[in-house]
Amino acid sequence: MKKKPYRRKCGDFEIRVLADGRLVMLAPDDELLAMGRELEPDSSLLPPAREDKRNGRT
Amino acid sequence: MDAAAHEQAARRAGIAREALRDCLLCPRNCRVDRTAGEKGYCQLDDKVRCFREVLRYDEEKGLNPSHQIYFAGCNLKCEFCTVSEWNERPDAADELDVEKLAATIARRKKEGARTLNLLGGEPAVNVHGILELLARVDSEAVVVWNTNMYYNDIVDELVTGLVDIYLADLKCGNSDCAQRLLGAGDYVEVAKANILRAAGHSDVILRYLVLPGHLRCCLEPIVKWVAAELPDVKLSLRDYYVPPAQVKEAPAEYLGRDEYRQAVELAASKGLTLIE
């Protein structure tokens, strides 16, 4: 494991897990926001869950 | 935006492109010929590049869902920028395809987007491409100019009447912090003048990302100024500061709940209207 903090490159996304358990997503895209929705289904700050037509879930 | 606004946007896009020949769009006053491929402080020639578009639900109340479009390249070097990689290397982003992006905007509108949120980087240094885009977007779009407010008068003249809301993201409250954290000692003075000007003709939301340890040096002078000059402006205090991976001058810690509460109390003590 490198000792120096990772320096983001164009196209990278960054997620940090803080000591108190919070998850921080930096400038997220749709995919990361959808991931956030899975983790926090009730948050009003995240996009509504999309209907998944493949398995009938929403 | 009606047909006349579309026409005006197209005409102003031409004016903006001409201005790139001797670029004075922002106070860096680089005077480079961006149309000849020269690049100034923002590292941009005349090509406009976008690196992300996304529908967000966590912007200020009333703006959500907000279709954010990120333009690469900036005239500040905020140490705590969360998309700094795209400002250091804007040419790594895809070149703007106006027709394609206009179609994406229409799709996002159908998905529920209430506002079209133009940000970066900094939209001011990409104003020519943004005007070309506005000349083609849906006439009902509510356009948010999400900016650091660090630009010269010409930018305001180009966008006035074509954007609906100035989301003025004021980064610092004093010159010393502005020099150390953003690399622009004249930032506060310029941004304040532009905010006053914008408030004279448009709806303004004044946003401040609360920086840990900067309540006295930055937030306090900001709230005093707002209380004196723009007491009715909507003030938004954001709590999502993320320290950079390698800290030089910026705060190294995340914002604590107590400090955010103090920030809110400070603003409320001046009778300012806070929005979520």
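This text goes with the structure placed above it.
For the structure given in this document, a descriptive report is provided here. Note on numbering: residues in each chain are counted from 1, in written sequence order. Chains carry letters from A onward and ligands carry numbers from 1 onward, assigned in written order. Local features in this predicted model are restricted to residues whose pLDDT is 70 or higher, and side-chain atom pairs enter the listing and the counts only when it is 80 or higher, whereas totals over whole chains, interfaces and linings include all residues. Computation of side-chain values covers all heavy atoms of the structure but excludes hydrogens and water.

**A look at the pairing of strand S1 (residues 14–17) of chain A**
Regular strands place side chains that alternate from one sheet face to the opposite one.
Residues and elements named next belong to chain A.
Inference 1: Burial classes follow relative accessibility: with a 1.4 Å probe on protein chains only, a residue under 20% of its type's maximum area counts as buried, one over 50% as exposed, and anything between as partly exposed. Put simply, DSSP H or I for four residues or longer makes a helix, DSSP E for two residues or longer makes a strand, and each gets a number counted from the N terminus. On S1, burial follows the alternation: Glu14 and Arg16 on one face are buried, whereas Ile15 and Val17 on the facing-out side are not.
Inference 2: When DSSP finds two or more bridges between two strands, those strands count as paired. With 4 bridges joining them, S1 and strand S2 (residues 23–26) adopt antiparallel strand pairing. Counted as the bridge partner of Ile15 is Met25 from S2.
Inference 3: The antiparallel pairing of S1 with S2 creates a hairpin that spans 5 residues between the two strands, and Gly21 there sits at a positive phi of about 95°.

**Some remarks on the nonpolar core**
Residue and element names in this part refer to chain B.
Inference 1: For the purposes of this section, nonpolar cores are sets of buried Ala, Val, Leu, Ile, Met, Phe, Trp, Tyr and Cys residues that join through side-chain atoms within 4.5 Å. Counting residues in hydrophobic clusters, the biggest one holds 79 residues, and the most contacted among them are Phe80, Leu134, Trp145, Tyr166, Leu182, Tyr187 and Leu206.
Inference 2: No other element matches helix H8 (residues 215–229), which puts 7 residues into this core.
Inference 3: Once residues lying within four places of it in the same chain are set aside, the contact partners of Leu206 are Ala168, Leu170, Ile195, Trp225, Val226, Val233, Lys234, Leu235 and Ser236.
Inference 4: Listed in part, the 11 residues of the second largest apolar core include Val54, Ala72, Ala93 and Leu119. Contacts are residue-level and defined by heavy atoms, with any inter-residue pair within 4.5 Å sufficient.

**Comments concerning the layout of surface pockets**
Inference 1: Here a cavity denotes grid points, spaced 1 Å and computed from the protein atoms alone, that fit a 1.4 Å probe unable to get out, and a pocket denotes an open set having protein on both sides within 12 Å along at least 5 of 7 lines; residues with an atom within 4 Å of a point are the lining. Grid points are joined across faces, edges and corners, and a volume is the space filled by probe spheres set on the points. Taken as a whole, the second largest pocket encloses approximately 690 Å³ of empty space.
Inference 2: As for the second largest pocket, its lining consists of 30 residues, of which Arg7 of chain A together with Cys78, Glu79, Ser84 and Glu88 of chain B are closest to the centre.
Inference 3: At the level of secondary structure, the elements contributing two or more residues to the lining of the second largest pocket comprise S1 of chain A together with helix H2 (84–88) of chain B.
Inference 4: At 4 residues, the largest contribution of residues to the lining of the second largest pocket is made by H2 of chain B.
Inference 5: Among the residues making up the lining of the second largest pocket, the classes are represented as 14 nonpolar, 5 polar and 11 charged. Each residue is assigned to one class: nonpolar for Ala, Val, Leu, Ile, Met, Phe, Trp, Tyr, Cys and Pro, charged for Asp, Glu, Lys and Arg, and polar for all the others, Gly among them.

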